[in-house]
Amino acid sequence: MADPKPRNLGGSLPVPNVQDLAGRPDELTLTPNPSTFKNCLENYSAEVQRVAGELLGAMAENLGVRDHSDMTRLAASQSVRMNYYPPCPEAHVDSVLGLSPHSDAVGLTLLLQVSKVPGLQIRRKGGWVPVTPLPGALVVNVGDVIEVFTNGKYRSVEHRAVVNARHERMSIATFHSGKFGTMYGPLEEAVGDKEPRYRSISVEEYVKLVVSSKLDGKNIMDAMKID
Ligand SMILES: O=C(O)CCC(=O)C(=O)O
Ligand SMILES: [Fe+2]
């Protein structure tokens, strides 16, 4: 299958490169807190959060959600994870992975594949499809909370990361979710005249469920489904 096509959302994203994030090697030894790191990460996260809000607004429009903030509130809180996968001589072994199959237990993930080395794969029709890294492109992953909000109209994507025998790889995943003190559950407009297929729970209860579960396929969705 062909790779999903990239789309340009306009605007320019201050895409971090590894040098900016880590500081130059000589700076690293001289300066334990490279001055470029904080600003670079702050600019990047703010811009990515803006893009997440726009994407969620477009989804709200597409789904006929009257109050777009019902959907854009999934960009209210943000966390960033930087993944580093060292070269692995056992990369050819099927069971050796960088990150096990999972769907992101958040609203929306915007992922930057920093290295040219491929590693991200998405589950499709029982197989694994590689997502070729494109310089400066963000991969948009629908997370579990969007599956809940849309009552299953948008399904969260199961994915994994494989390792490479000779090359290291880096990716930056930026996760967007709702705030504590709010609820997660299917939106009225998404349910329509059907039955809700997922439970409604507080963000706090949901986070408890996530942190007490293994990283294992779409297990969070199984726990959220109404039988
Ligand atoms: O490294 C990747 O491409 C995937 C990272 C990922 O799925 C995650 O951090 O949740
Ligand atoms: Fe992920």
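Conventions we followed
- Residues numbered from 1 in each chain as written.
- Chains lettered and ligands numbered in written order.
- Predicted model: local features only at pLDDT ≥ 70, side-chain atom pairs only at ≥ 80, totals over all residues.
- Heavy atoms only, no water.
- UniProt positions renumbered as here; feature names shortened; annotations may be inferred.
- 1 Å grid on protein atoms, 1.4 Å probe; cavity = no way out; pocket = protein on both sides within 12 Å on 5 of 7 lines; lining within 4 Å.
- Points joined across faces, edges and corners; volume = space filled by probe spheres on them.
- Helix = DSSP H or I, 4+ residues; strand = E, 2+ residues; numbered from the N terminus.
- Nonpolar A, V, L, I, M, F, W, Y, C, P; charged D, E, K, R; others polar.
- Buried < 20%, exposed > 50% of the residue type's maximum accessible area, 1.4 Å probe, protein only.
- Contact = heavy atoms within 4.5 Å.
- Expected span 1.5 Å × (residues − 1).
- Salt bridge = Lys/Arg side-chain N within 4 Å of Asp/Glu carboxyl O.

The name recorded for the chain in an unreviewed UniProt entry is Fe2OG dioxygenase domain-containing protein, from Triticum turgidum subsp. durum. Under the Sequence similarities (unreviewed entry) heading, UniProt states for the chain: "Belongs to the iron/ascorbate-dependent oxidoreductase family."

Trainee: Explanation requested: the layout of surface pockets in the structure shown.
Mentor: A water-sized probe, rolled over the atoms, reveals where empty space remains. Each pocket or cavity is described by its volume, and for the second largest pocket that value is around 530 Å³. What lines the second largest pocket is a set of 27 residues, among which Asp-104, Ala-105, Val-106, Phe-175 and Val-210 lie closest to the centre. For the lining of the second largest pocket, the secondary-structure elements that each account for two or more residues are β1 (77–85), β8 (169–177), α7 (203–211) and α8 (219–224). Across the lining of the second largest pocket, the residue classes break down as eleven nonpolar, ten polar and six charged.

Trainee: How should I be thinking about the environment of Arg-160 in this particular structure?
Mentor: Examined against the element boundaries, Arg-160 turns out to sit in strand β7 (residues 159–161). Since its relative accessible area comes to 16%, Arg-160 is described here as buried. Apart from residues lying up to four places away in sequence, Arg-160 is in contact with Leu-97, Leu-99, Ser-100, Pro-101, Gly-119, Leu-120, Gln-121 and Trp-128.

Trainee: Before we go on, may I ask you to explain the environment of Lys-225 in this structure?
Mentor: Relative to the helices and strands, Lys-225 is located in the segment after α8. A relative accessible area of 34% places Lys-225 in the partly exposed class. Sequence spacing of Lys-225 and Asn-151 is 74 residues, and the spatial spacing of their C-alpha atoms is 9.7 Å. Ignoring sequence-local partners within four residues, the contact set of Lys-225 consists of Arg-197 and Tyr-198.

Trainee: I'm lost on helix α3 (residues 35–63) in this one. Help?
Mentor: Three or four residues apart is the spacing at which side chains of an α-helix point the same way, because the helix has 3.6 residues per turn. Along its 29 residues, α3 runs 43 Å from first to last C-alpha, staying within 8% of the 42 Å computed at 1.5 Å per residue. In the stretch just after α3, Gly-64 is the one whose phi turns positive, near 70°.

Trainee: Would you take a moment to explain the pattern of salt bridges for this structure?
Mentor: Side-chain pairs of opposite charge can arise where the charged atoms are in close proximity. Inspection of every chain in the model, using the stated rule, returns eight salt bridges. In this structure, Glu-42 engages Lys-38 in a salt bridge whose closest nitrogen and oxygen atoms are separated by 3.7 Å. Taken together, the positions of Glu-42 and Lys-38, both in helix α3 and four residues apart, correspond to about one turn of that helix. In this structure Glu-42 comes out as partly exposed when scored by relative accessible area, which is 45%. With relative accessibility at 55%, the residue Lys-38 sits in the exposed group. A salt bridge links Arg-66 to Glu-188; the shortest N-O distance between them is 3.4 Å. Here the residue Arg-66 occupies a position in the loop between α3 and α4 (69–72), and Glu-188 occupies one in helix α6 (residues 188–191), the gap between them amounting to 122 residues. An identical accessibility class is assigned to Arg-66 and Glu-188; each is exposed. In the salt-bridge network here, residues are joined through shared partners; they are Glu-47, Arg-50 and Glu-54.

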